[in-house]
Amino acid sequence: MTALTALPAWQDMLTAADRLADVDMRQAFQHDPERAARYSLSACGMLLDYSKNRIDDAALAALFELARATGVEEQRAAMFSGQRINATEDRAVLHTALRAPREAVVEHAGENVVPAVHAVLDRLSGFAQSVRNGEWRGFDGHAITDIVNIGIGGSDLGPFMVCEALKDYTAQHLRLHFVSTVDGWQLANVLAGLNPATTLFIVASKTFTTQETLTNARAARAWLVAAGGEDAVARHFVAVSTNTEAVCQFGIDPANMFGFWNWVGGRYSLWSAIGLPILLAIGDIHFRALLDGAHAMDRHFATAPLHGNMPVILAMLGVYYVNGMGAASHLISPYNQPLHRLPAYLQQLDMESNGKTVRLDGDAVDYQTGPIIWGEPGINAQHAYYQLLHQGSQLIPVDFIAALSNPRSSAEHQTILLANFLAQTEALMCGKDAATVRAELSAQGLDEAAIAALLPHKVFAGNRPTNTLLLDGLDPHTLGGLVAMYEHKVFVQGVVWGVNSYDQWGVELGKQLARAIEAELRGTAPAGRHDASTSRLIAHVRSALGT
Ligand SMILES: O=P(O)(O)OC[C@H]1O[C@H](O)[C@H](O)[C@@H](O)[C@@H]1O
């Protein structure tokens, strides 16, 4: 038994989950007229209603006690104050410093990092402004029309998600493109529509060693040089990285490089220079509003008591379902189309952070950790996989997310969208019992035999948990708060489970093996020792490649 499962608060959480696994939430609402108000809170332009969960005051008390007992408050203070909580990489975790106001003081290794953060931000703003207003010219004197961000993982998902989410704030005259995969189809497809003389490439890589990114960057560079010569590189390539040496080696002038720091995790980096595509798309004022929104959530997370703390509430509900009720996944259901990349972004944020089975102290866990995060825009999902949510055998907690203000959508569209949004959480909780189904079928004139045959298929058990998040609008400030809220949710869960949410050793093995297989596929290395399946597949691929 680990220290975690031996905690009285852990046992109390399990007891509460046992007691409430089959609670009838409908009855809980009937018995407590204050339930919806009591289990709701507003912060940072968002209303969170978590009343449609299998909880009561005692269960919540156990969950907050578990957070306290596992040191969430101490670890939170340690993170904000720059302690090296990413122990396996011996690094601080200070993405919160990236959105700290200019006058704030955040110490790292005895130095206030905020002035350096703002110095890079100011440089980025100046550069973005010159591209946006056409002062920055390409090799033949024309202004930039297209920006291609070349990056993967945290150097792609965050900027891409935000650029999509804030489309309404985007400069019309600049087109953004994101190239991430080393399936050369993607780069070829993007470049096919572009003019080298008016295209700016951002090579975004924290480490500047990522094979996919460097392969794409080399190909893009060759494409540019073929049109504009070597001298064109300085006008058309900028780099975002923590690795100045590798940027120089690649052939990008450090004057065209924007740096950040190893205390910013890749999946927590959209607030840093990695956010350059966002800055180019939405401009300085809106980018700073995004940072301010995230900062407001940082303050909320740092100061609100656990029971009134959005990220803590969401995190502990998640722990409750994973460990108390066996939920294996968690669905993210945004109803605003511009949030279509939010689930993918949160997949990396959550699963790369908490998809671990070894605790920080080196011991194996004896409990489940991070759930599978999945999702698509909600209304499309209603017409696809919601069947499984309503009548499937899995317990799948859902976050329903929608913006109240949606200026580009007509009142007609918005009303229908929100009606569906609300109806789903109601249906998931209330379900439809046999008596109601029977009455409906009988009103349709079905005879008793037909009713008996159809009835079990049309019953909805209900009692399925959801959180409802209503955003005032899908604006930069609120989006910043929403993203920061999920960052902190992941942090809290990581603390409870005792894992290091800030490393990602699990992605290394595949990369290591790929290097060896790559040489075999090229025919530059003899056949290696593989399992029979892999050897046979390598031979099959080699014959297709003709090597
Ligand atoms: O920004 P980079 O150093 O190129 O890294 C890009 C991505 O690749 C890695 O494999 C990690 O799994 C991610 O956490 C990271 O965001």
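Residues numbered from 1 in each chain as written. Predicted model: local features only at pLDDT ≥ 70, side-chain atom pairs only at ≥ 80, totals over all residues. Heavy atoms only, no water.

K.L.:
Please explain the packing of aromatic side chains as it appears in this structure.
P.N.:
The geometry of two aromatic rings is summed up by the distance between their centres and the angle between their planes. All told, the structure shown has 19 aromatic pairs when counted by the stated rule. Centre to centre, the rings of Phe201 and Trp223 are 5.8 Å apart; their planes meet at 85°, and the pair counts as edge-to-face. Here the residue Phe201 occupies a position in strand β7 (residues 199-204), and Trp223 occupies one in helix α10 (residues 211-228), the gap between them amounting to 22 residues. Since its relative accessible area comes to 0%, Phe201 is described here as buried. When the centroid spacing of 6.2 Å and the interplanar angle of 80° are considered together, the rings of Tyr386 and Phe400 count as edge-to-face. With a gap of 14 residues between them, Tyr386 in helix α17 (residues 386-391) and Phe400 in strand β12 (residues 398-405) connect regions that are remote in the sequence. (Phe/Tyr/Trp six-rings, centres within 6.5 Å; stacked < 30°, edge-to-face > 60°. Helix = DSSP H or I, 4+ residues; strand = E, 2+ residues; numbered from the N terminus. Buried < 20%, exposed > 50% of the residue type's maximum accessible area, 1.4 Å probe, protein only.)

K.L.:
Teacher, can you tell me more about the UniProt feature "active site" (unreviewed entry) in the protein here?
P.N.:
Look at the UniProt record and you will see "active site" (unreviewed entry) annotated at Glu352, His383 and Lys511. These annotated residues cover 160 residues of sequence, and their C-alpha atoms sit far apart, with the largest distance between any two at 37.4 Å. Cross-referencing the annotated residues with the lining of the largest pocket gives Glu352 and Lys511. As for its position among the elements, His383 is in the loop between α16 (378-382) and α17. Secondary-structure assignment places Lys511 in helix α22 (residues 508-522). By relative accessible area, Lys511 is classed as partly exposed at 42%. (UniProt positions renumbered as here; feature names shortened; annotations may be inferred. 1 Å grid on protein atoms, 1.4 Å probe; cavity = no way out; pocket = protein on both sides within 12 Å on 5 of 7 lines; lining within 4 Å.)

K.L.:
Any chance you could explain the site of the ligand here in plain terms?
P.N.:
The environment of the ligand is formed by Ile152, Gly153, Gly154, Ser155, Ser205, Lys206, Thr207, Thr210, Gln348, Glu352, Val507 and Lys511. Between an oxygen atom of the ligand and a main-chain N or O atom of Gly154, the distance comes to 2.8 Å. Within the side chain of Lys511, a nitrogen or oxygen atom sits 2.7 Å from an oxygen atom of the ligand. Protein chains bury 88% of the 390 Å² of accessible surface belonging to the ligand in isolation. Placement of the ligand is best described as lying within the largest pocket. Of the residues that constitute the shell around the ligand, the class distribution is two nonpolar, seven polar and three charged. (Near = heavy atom within 4 Å. Polar contact = N/O pair within 3.5 Å; in protein donor to acceptor, adjacent residues only side chain to side chain. Areas by Shrake-Rupley, 256 points an atom, 1.4 Å probe, with all protein chains shown as cover. Sits in = over half its atoms within 2 Å of the grid points. Nonpolar A, V, L, I, M, F, W, Y, C, P; charged D, E, K, R; others polar.)

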